[in-house]
Amino acid sequence: MHKAKKSYSDNRARRNLTHLNTELQDVQRIMVQNIDDVLQRGAALSDLVPKPATCLYCLKNTKKMPTS
């Protein structure tokens, strides 16, 4: 307990804790941004899903069409 009290009363320790807290906030900000980017990519990919399905449907129908 005494060691923890001494650690918090030391100015260098406070500065180190402040620096560590700042770095953790930076990491959190980056992680949130990365998650947002992944979610946006997922939305963009879901927009593309019907297009290939439609193209495959067109290809199947084209093969069935008689040629002259």
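All of these numbers come straight from a predicted model, not from anything done at the bench.

Here is what the cut-offs are and how they apply
- Residues numbered from 1 in each chain as written.
- Predicted model: local features only at pLDDT ≥ 70, side-chain atom pairs only at ≥ 80, totals over all residues.
- Heavy atoms only, no water.
- Helix = DSSP H or I, 4+ residues; strand = E, 2+ residues; numbered from the N terminus.
- Buried < 20%, exposed > 50% of the residue type's maximum accessible area, 1.4 Å probe, protein only.
- Areas by Shrake-Rupley, 256 points an atom, 1.4 Å probe, with all protein chains shown as cover.
- Patch = residues over 30% accessible without salt bridge, like charges linked within 9 Å, V, L, I, M, F, W, Y side chains within 5 Å.
- Salt bridge = Lys/Arg side-chain N within 4 Å of Asp/Glu carboxyl O.
- pLDDT = per-residue confidence, 0-100.

Quick word on the overall build of the protein chain
Point 1. Scanning the protein chain for helices and strands turns up three helices and zero strands.
Point 2. Helices (α) and strands (β) of the protein chain occur, in sequence order from the N terminus, as α-α-α.
Point 3. Within the span of the protein chain, comprising 68 residues, buried residues form 1% of the whole.
Point 4. As displayed, the protein chain offers around 6800 Å² of accessible surface, 63% of which is attributable to carbon and sulfur atoms.

A word on a nonpolar patch on the surface
Point 1. Nonpolar side chains collect at one region of the surface, where L17, L20 and L24 lie side by side and expose about 270 Å² of accessible area between them.
Point 2. By secondary structure assignment, the location of L20 is in helix 2 (residues 11-48).

Focus on the confidence of the model for the protein chain
Point 1. Looking at the protein chain as a whole, the pLDDT averages 76, with 60% of positions reaching at least 70.
Point 2. Looking at the elements of the protein chain, mean pLDDT is at its lowest for helix 3 (residues 50-64), recorded as 60, and at its highest for helix 2, recorded as 86.

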